[in-house]
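# Geometric and topological summary
So you can see what is in the structure, the chains are spelled out below.
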Amino acid sequence: MQVYSIPNSIKKDSKFTFCKGCDHGVAIKIIAEIIDELNLRENTVAISSSGCSVLLYDFLDIDCLEAPHGRACAVATGVKRAHRAKGEEKFVFTYQGDGDFASIGLGESMHSALRGENITAICINNTNYGMTGGQMGPTSIMGQLTTTSPLGRNKEYHGFPIKTAEQIALCEGTKFSARVALYDVKNILKAKKTIKKAFECQLKNKGFSFVEILSSCPTNWKLSAQDSHKKIAEELTKIYPLDIFKDTIDD
Amino acid sequence: MIEKSLLKGNIAIARAALNCGCSCYFGYPITPQTEIGEFLSLEMQKRNLAYVCAESEIGAINMALGAASSGQKVMASSSSCAVALMQETLSYAASDELPIVLVNVMRAGPGQGYIYPSQGDYNQATIGGGNGDYKTIVLSPSSVQECIELTYKSFYLAQKYRNPVILLVDGLLGQMAEPATITQNPYPDIDTSSWRLDGAKDRPSRNIHSLEPNQNKLNQHVLKLYQKYQQIEQSEPDWEEYLCDDAEIILTAFGTMARSAKAICNHFREQGIKMGVFRPITLYPFPYKRLRELSFKAKYIIDIEMNMGQMLKDVRLGVLSNSQISFIGKPVGDWLKKEEIINAIKNIIKEQYASI
Amino acid sequence: MSYIKIDQNKCKSCYLCIDACPYKLIKKSNNTGTTGELTVEFSDTENKCIGCAQCAIVCPDIAIVEVNRE
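Now for a quick tour of the structure. On a predicted model such as this, the values are computed, not experimentally measured, just so you know. (Residues numbered from 1 in each chain as written. Chains lettered and ligands numbered in written order. Predicted model: local features only at pLDDT ≥ 70, side-chain atom pairs only at ≥ 80, totals over all residues. Heavy atoms only, no water.)

### Section: the overall build of chain A
- Scanning chain A for helices and strands turns up nine helices and eight strands.
- Relative to the compact-globule value of 18 Å for 251 residues, chain A shows a C-alpha radius of gyration of 17 Å, a close match.
- Dimensions along the principal axes, computed over C-alpha positions, put chain A at roughly 55 × 45 × 30 Å.
- Burial status across chain A gives 62% buried among its 251 residues. (Helix = DSSP H or I, 4+ residues; strand = E, 2+ residues; numbered from the N terminus. Rg over C-alpha atoms; globule rule 2.2 N^0.38 Å. Buried < 20%, exposed > 50% of the residue type's maximum accessible area, 1.4 Å probe, protein only.)

Encoded structure:
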């Protein structure tokens, strides 16, 4: 009996073009599995963004629209509202990096949450700008060496990072906000369950749902895939705790 | 028969948009276009249509981008310095081939400037402030009646060519009321089912994106866009000629400035001077060809604008004759007065028309 | 007999599956993959594989394309 196969919502013969060991691949795979399980493929419009996450449409066999850098939640708002104007409810989610969601796009992201826009945002937090080669991002941690914080991030010179899932949880329109990780099987399964819950929040028409995925960037962290996961498990989860910060779906 | 009523330009645009089936509007307040959003806020909510008071103009134009992917008629409106904020997404929409109608009711710049009359966004609209090789269709009304007709045309051209269209409106016109008739939309609806995103049901999945890492594919994409622009340049130039047939002096002007130009033309005609007015209605595609034809009979081409000569360069590109090309303009403030313009014209033409 | 299928063209040699397998049934192969390093192969001479799919779950490159459980 076949107990595992590539999800139907992954394009046939597609080959992920992410760097070796990058968690983007696992994130996209579990999103595809959830789309299959909830039977959403034929009713979904996904919004990708700039950075490594833009490539979503190369791998997912669903309708996808690319947003300008940072604007995925605004674009998703337009998609959702437009279909609603014709009396149709489409399933709309964004797939963004932390720079996209929480730096350049924080205004659009947070206002979508504040309005309680009935969309789901998935944010890959790998604590740096990956595609451009590992610059300091809004989530780079104190002391982190990046190509634009070569002496390490420090609060006097660079300022503090953002804890995105906690901040988004504060918005009244947010019904679900959580942070998950993908560093081992247990956490991947938990992440999938959490993202599924966020998707169901939208399907129940409850409002904004958000999942931040603590992810590895082995290339820019200059670590192996294994050591990247170790760093997430032992170091990053202490700063960015894995938790559900808000769940008022059934209130 | 539909009767004329006293209508403000901004309201006329909003009513025409509703009338031709615009189902999505996104905006942010800025004078002098705010009445468009105010009017639509109630009308669209009553009809269960999409209306979002966006967090910023960047938010608004990106909501419009998303909504346009649904294949529906989508509009955003703003003014000058805030349209500047939207330029990035116009470049995306052009590359994505998504139809968005953007109304720019102009104020004076540069920077925040003020809400004084000005036509300072000719360059911003026709050349574009976004990156890369792209074009936006630009329509320029000169009356409230034309605000209605060109709003219809904007939605039609946006969907016909799958391209953003800018309706470039003088602040004066947005704020001014004059008798006009809400006519019926004369254009057919365009079928968007071959490209819109609405879920991959009974068809392969689609994606709309501007990123293209493959050099050849990106080249092909831009070349394909330019084939479309070439078609637009052949089929869509639109203009108004006023007494141009025998004109030895042609005044060129767009928007409300052309109304003053016509009054001035009448003044000189009364004195026996063969003057005409040439008014581009499509600023892109600019009606170069017709202006070129007319210019061979003209001794003088005098361009009049409420800016420092932005359309002037297109006039120069159009005119291949030996006509003398001059410019009369003022960047900001009170509309150029008839007497000011008449004196300036007399100064220009005095060598050949010594009698006046 | 449970078994998995690995697509050698997709494997980027991150070796996360090697660590994930509770029975250590995945090891480096002799085949050089797209990243210039050795890809992985499944070798289960003693029929230890239980088809738990942990290898497939952690694979970031959908290179483990099938898990079959007896």
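### What to know about the packing of aromatic side chains
- Inspection of every chain in the model, using the stated rule, returns 15 aromatic pairs over all chains.
- Here a set of aromatic residues connected by ring pairs shows up, and it is made of A:Phe16, A:Phe18 and A:Phe59.
- The ring centre of A:Trp221 lies 5.3 Å from the NZ or CZ of A:Lys231, which sits over that ring.
- If you follow B:Lys262 out to its NZ or CZ, it ends over the ring of B:Tyr242, 5.7 Å from the centre. (Phe/Tyr/Trp six-rings, centres within 6.5 Å; stacked < 30°, edge-to-face > 60°. Lys NZ or Arg CZ within 6 Å of the ring centre and 35° of its normal.)

### Here we look at the packing of helix 1 (residues 9–19) of chain B against helix 7 (residues 144–161) of chain B
Residue and element names in this part refer to chain B.
- Remark: helix 1 packs on helix 7, axes separated minimally by 8 Å, with the N-to-C direction vectors making an angle of 35°. The interaxial crossing formed by helix 1 with helix 7 has right-handed handedness. Of the residues in helix 7, those in contact with Gly 9, Ala 12, Ile 13, Ala 16, Ala 17 and Asn 19 of helix 1 are Val 144, Cys 147, Ile 148, Thr 151, Tyr 152 and Phe 155.
- Here the contact of helix 1 with helix 7 is built from residues that sort into nine nonpolar, three polar and no charged. (Axes fitted to C-alpha atoms, helices over the stretch in contact; angles between N-to-C directions. Left-handed = near helix turned anticlockwise from the far one by under 90°. Contact = heavy atoms within 4.5 Å. Nonpolar A, V, L, I, M, F, W, Y, C, P; charged D, E, K, R; others polar.)

### Things to note about the arrangement of the chains
- For this structure, the chain pair with the highest number of contacts among two pairs of chains in contact is chains A and B.
- Chain B makes no contact with chain C; the smallest distance between any of their C-alpha atoms is 19 Å.

### Some remarks on the interface of chain A and chain B
- With 35 residues of chain A at the contact, the number on the chain B side is 40 residues.
- In this assembly, chain A packs against chain B so that about 2,800 Å² is buried in total across both faces, 56% of it on carbon and sulfur atoms.
- Of all residues in chain A, A:Glu42, A:Asp63 and A:Glu66 give up the largest surface area on contact with chain B, accounting jointly for 20% of the area buried on that side.
- For the pair chain A and chain B, the number of links is three salt bridges.
- With its nearest N and O atoms 3.8 Å apart, the salt bridge here joins A:Glu42 to B:Lys201.
- At the surface where chain A touches chain B, the tally comes to 16 residue pairs in polar contact (both at pLDDT 80 or more).
- Elements represented by at least two residues in the side of chain A that touches chain B include exactly strand 2 (44–48), strand 3 (63–66), helix 3 (72–85) and helix 5 (106–115) of chain A.
- Per element, the largest residue contribution to the side of chain A that touches chain B is nine residues, and it comes from helix 3 of chain A.
- Of the residues belonging to the side of chain A that touches chain B, the class tally is 14 nonpolar, nine polar and 12 charged.
- Across two bridges, strand 3 of chain A lies against strand 9 (residues 207–208) of chain B in parallel orientation. Its bridge partner lying in strand 9 of chain B, A:Leu65 is registered against B:Ile208. (Buried area = accessible area lost by both parts, 1.4 Å probe. Salt bridge = Lys/Arg side-chain N within 4 Å of Asp/Glu carboxyl O. Polar contact = N/O pair within 3.5 Å; in protein donor to acceptor, adjacent residues only side chain to side chain. Pairing = 2+ DSSP bridges.)

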